[in-house]
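Fold and contact review
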Amino acid sequence: METGSPLRHARLHDFSRVVIVISDAGNFARCPMPDHVPPPVIVRIAIVAVFAALALATNYALIGIPNVKIMDALVFLAAFLFGLKVGVAVGASTWAVYGFINPQGSADLILLSFLITGECFYALAGAGLRKTTIAQDLLESERFQRGFSLVFGTVGLLATLAYDVLTNFASWLFLTTSPYDALIVGLITGAPFALVHEISNLVLFSTAAPAAIVAAKRFRLTQLTETSP
Amino acid sequence: MSSAPPSRNPLFYVGLAAIIVIVVTAQVAAMYQLQNLFGAAPAQERIPVNTLFNYGNGTSRWRNQTDVPSDWSFYKLTTTIAQTETSPTTSVSGQHYVTGLDGVKSSGPYDYWTLWVFCQKDTAWATSPVGADLIKMKDGDAFAWYYQTPPSTNPATWDPPVPGALKVSRCSS
């Protein structure tokens with residue numbers, strides 16, 4: 001057993017549910033670890049798979065409602081709870097499937113690269129917000145404050161704006177005479193779609209995202225975030 | 001001396017609310033600008049419009065000089081001159097996704113009706129940057145519906161509705 005390892009290890013608490021907690025070496029020394037606990041990298045891969053599956057399932061379920069997707073909030077949550085790498089992996093793997101297997105037409109590789117880059121904005125927002133005092137307040141306070149919704153909603157809105165600007169620009173990049181034209185035409189022609197996307201994400205990020213984080217805190221899943229050893 | 005975190009300051013939340021208002025207002029303004037770009041001529045005036053249907057099977061049909069009220073959208077014109085079928089799911093802003101015209105229907109995700117605008121200055125065809133519902137027509141405008149199976153969703157790879165005709169990415173202003 002690697003009792004002295006500085007690496008985080010997982011332990012299982014088998015109550016009515018299974019809770020996986022990445023523990024530090026000190027805690028590990030006090031709690032014997034079952035032999036079958038997978039290493040953290042396997043846990044992270046499993047988390048990516050679960051989040052990507054959720055994102056894909058909800059994307060296909062909402063295929064009839066253009067630009068209203070839970071995927072963005074899921075990528076944000078994955079990054080907030082489990083770190084930037086997990087969030088980026090969820091966004092990239094989801095788009096790798098959804099971009100090619102899509103009843104509305106598949107994206108070419110160039111557009112797909114922009115879509116994945118845009119999706120990473122949500123991962124950056126989640127991982128970035130996690131490092132702020134507001135996130136610490138949310139994770140530590142006993143009562144949920146309305147201010148959390150405003151903060152999460154604004155962060156979600158700005159990440160969505162960045163995503164829409166980038167992807168609308170990319171849609172016109174090779175159809176116009178200059179990148180500036182592509183930006184202006186993309187912003188104007190994509191405005192109705194961007195508005196629906198931004199308002200739906202504003203609502204989702206201000207309601208579902210903090211609620212999911214509070215739920216994760218109750219299940220002690222928030223300690224799975226990336227921390228330096 | 002350590003200062004209080006910004007989250008404890010009421011002005012911080014006022015700033016966040018202001019950001020939300022600014023972003024949403026900017027998007028609404030962009031949408032308004034979009035409608036102005038394809039804005040209608042004065043109401044009740046009647047204008048001639050030419051429409052081409054290319055069924056993708058070697059058959060084409062022109063409906064020339066159709067006399068329509070200037071406040072109609074091109075979608076409304078399409079429904080009056082062709083048997084139009086749309087997707088049952090509602091699209092953004094109540095727009096329609098045309099799936100079939102005169103009995104020629106999309107049989108899969110990779111073949112569909114593409115919408116084209118004839119650019120008078122360029123004497124070339126360009127794919128419409130907006131759906132048929134958002135196109136407001138002007139005197140002498142020409143549009144085309146072309147059923148095809150393009151290699152990708154990128155309009156640059158689509159064929160123009162008239163074989164051999166010029167194609168531009170967008171009309172010169």
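Presented here is a report on the structure given in the accompanying data block.

From N to C terminus, chain B includes two helices and eight strands. In chain B, buried positions account for 38% of the 173 residues. Considering only residue pairs separated by 6 or more positions, chain B has 57% of its internal contacts joining residues 24 or more positions apart. Summed over all atoms, the accessible surface of chain B reaches about 9200 Å², with 57% contributed by carbon and sulfur.

What follows concerns the sheet that holds strand S7 (residues 124–127) of chain B. All names here are of chain B. Strands sit in the order S2-S1-S8-S6-S7 across an open sheet of five strands; the sheet is mixed. Lying at the two open borders of the sheet, with one neighbouring strand each, are strand S2 (60–69) and S7. For this sheet the average axis-to-axis angle between neighbouring strands, irrespective of direction, equals 30°. Relative to strand S8 (residues 142–148), strand S6 (residues 112–119) runs antiparallel, the two sharing six bridges.

All names here are of chain A. Between helix H2 (residues 40–61) and helix H3 (residues 71–82), whose axes approach to 9 Å, the crossing angle comes to 165°. Taken together, the axis directions place H2 and H3 in an arrangement best described as roughly antiparallel. Crossing angle aside, the handedness with which H2 passes H3 is right-handed. Facing H2, whose interface residues are Arg44, Ile47, Phe51, Leu54, Ala55, Thr58 and Asn59, H3 presents Met71, Leu74, Leu77, Ala78 and Phe82. Residues of the contact of H2 with H3, tallied by class, amount to nine nonpolar, two polar and one charged.

One full turn of an α-helix is made of 3.6 residues, so residues set three or four places apart face in the same direction. Residue and element names in this part refer to chain A. Taking 1.5 Å per residue as the helical rise, helix H4 (residues 84–98) with its 15 residues ought to reach 21 Å, and the 21 Å between its terminal C-alpha atoms agrees with that figure. Of the residues making up H4, those classed as buried are Val86, Gly87, Val90, Gly91, Thr94, Trp95 and Tyr98. Around the axis of H4, the buried residues are gathered within 155° of arc, so they sit on the same side. Buried residues in H4 make contact with H2, H3, helix H5 (109–130) and helix H7 (146–172).

Moving on, we come to the environment of Leu150 of chain A. Within the secondary structure, Leu150 of chain A is located in helix H7. Residues Leu150 of chain A and Thr207 of chain A, spaced 57 residues apart in sequence, show a C-alpha to C-alpha distance of 9.2 Å. In this structure Leu150 of chain A touches Tyr13, Leu16, Ala17 and Ile20 of chain B, once residues within four positions along its chain are discounted.

For the rest of this paragraph, the subject is the interface of chain B and chain A. Taken together, the contacts link 33 residues of chain B with 37 residues of chain A. Approximately 2900 Å² of surface area, both sides summed, lies buried where chain B meets chain A, with 72% of it carried by carbon and sulfur atoms. Applying the counting rule to chain B against chain A returns one salt bridge. Here the residues of the side of chain B that touches chain A sort into 20 nonpolar, 11 polar and two charged.

In this section: the pattern of salt bridges. Residues and elements named next belong to chain B. Tallied over the full model, the rule gives four salt bridges over all chains. The salt bridge involving Arg46 is made with Asp67; its shortest N-O contact spans 3.7 Å. Here Arg46 is found in strand S1 (residues 46–54), whereas its partner Asp67 is found in strand S2, with 21 residues between them in sequence. A residue is classified by how much of its surface remains accessible, and Arg46, at 48% relative accessible area, is partly exposed. Between Arg61 and Asp102 there is a salt bridge, with its nearest N and O atoms 2.7 Å apart. Of this pair, Arg61 sits in strand S2 while Asp102 sits in the loop between strand S4 (98–101) and strand S5 (104–105), placing them 41 residues apart in sequence. Classification of Asp102 as partly exposed rests on a relative accessible area of 28%.

Another point: the packing of H5 of chain A against H7 of chain A. All names here are of chain A. At a minimum axis distance of 9 Å, the contact between H5 and H7 shows a crossing angle of 165°. Regarding the angle of H5 to H7, the classification is roughly antiparallel. Crossing angle aside, the handedness with which H5 passes H7 is right-handed. In contact with Leu111, Phe114, Leu115, Thr117, Gly118, Glu119, Phe121, Tyr122, Ala125 and Leu129 of H5, H7 contributes Val151, Phe152, Val155, Gly156, Ala159, Thr160, Ala162, Tyr163, Leu166, Thr167, Ala170 and Ser171. In terms of residue class, the contact of H5 with H7 is built from 15 nonpolar, six polar and one charged.

Criteria and cut-off values
Residues numbered from 1 in each chain as written. Chains lettered and ligands numbered in written order. Predicted model: local features only at pLDDT ≥ 70, side-chain atom pairs only at ≥ 80, totals over all residues. Heavy atoms only, no water. Helix = DSSP H or I, 4+ residues; strand = E, 2+ residues; numbered from the N terminus. Buried < 20%, exposed > 50% of the residue type's maximum accessible area, 1.4 Å probe, protein only. Contact = heavy atoms within 4.5 Å. Areas by Shrake-Rupley, 256 points an atom, 1.4 Å probe, with all protein chains shown as cover. Pairing = 2+ DSSP bridges. Axes fitted to C-alpha atoms, helices over the stretch in contact; angles between N-to-C directions. Parallel < 35°, antiparallel > 145°, perpendicular 65-115°, else oblique. Left-handed = near helix turned anticlockwise from the far one by under 90°. Nonpolar A, V, L, I, M, F, W, Y, C, P; charged D, E, K, R; others polar. Expected span 1.5 Å × (residues − 1). Arc of directions from axis to C-beta. Buried area = accessible area lost by both parts, 1.4 Å probe. Salt bridge = Lys/Arg side-chain N within 4 Å of Asp/Glu carboxyl O.

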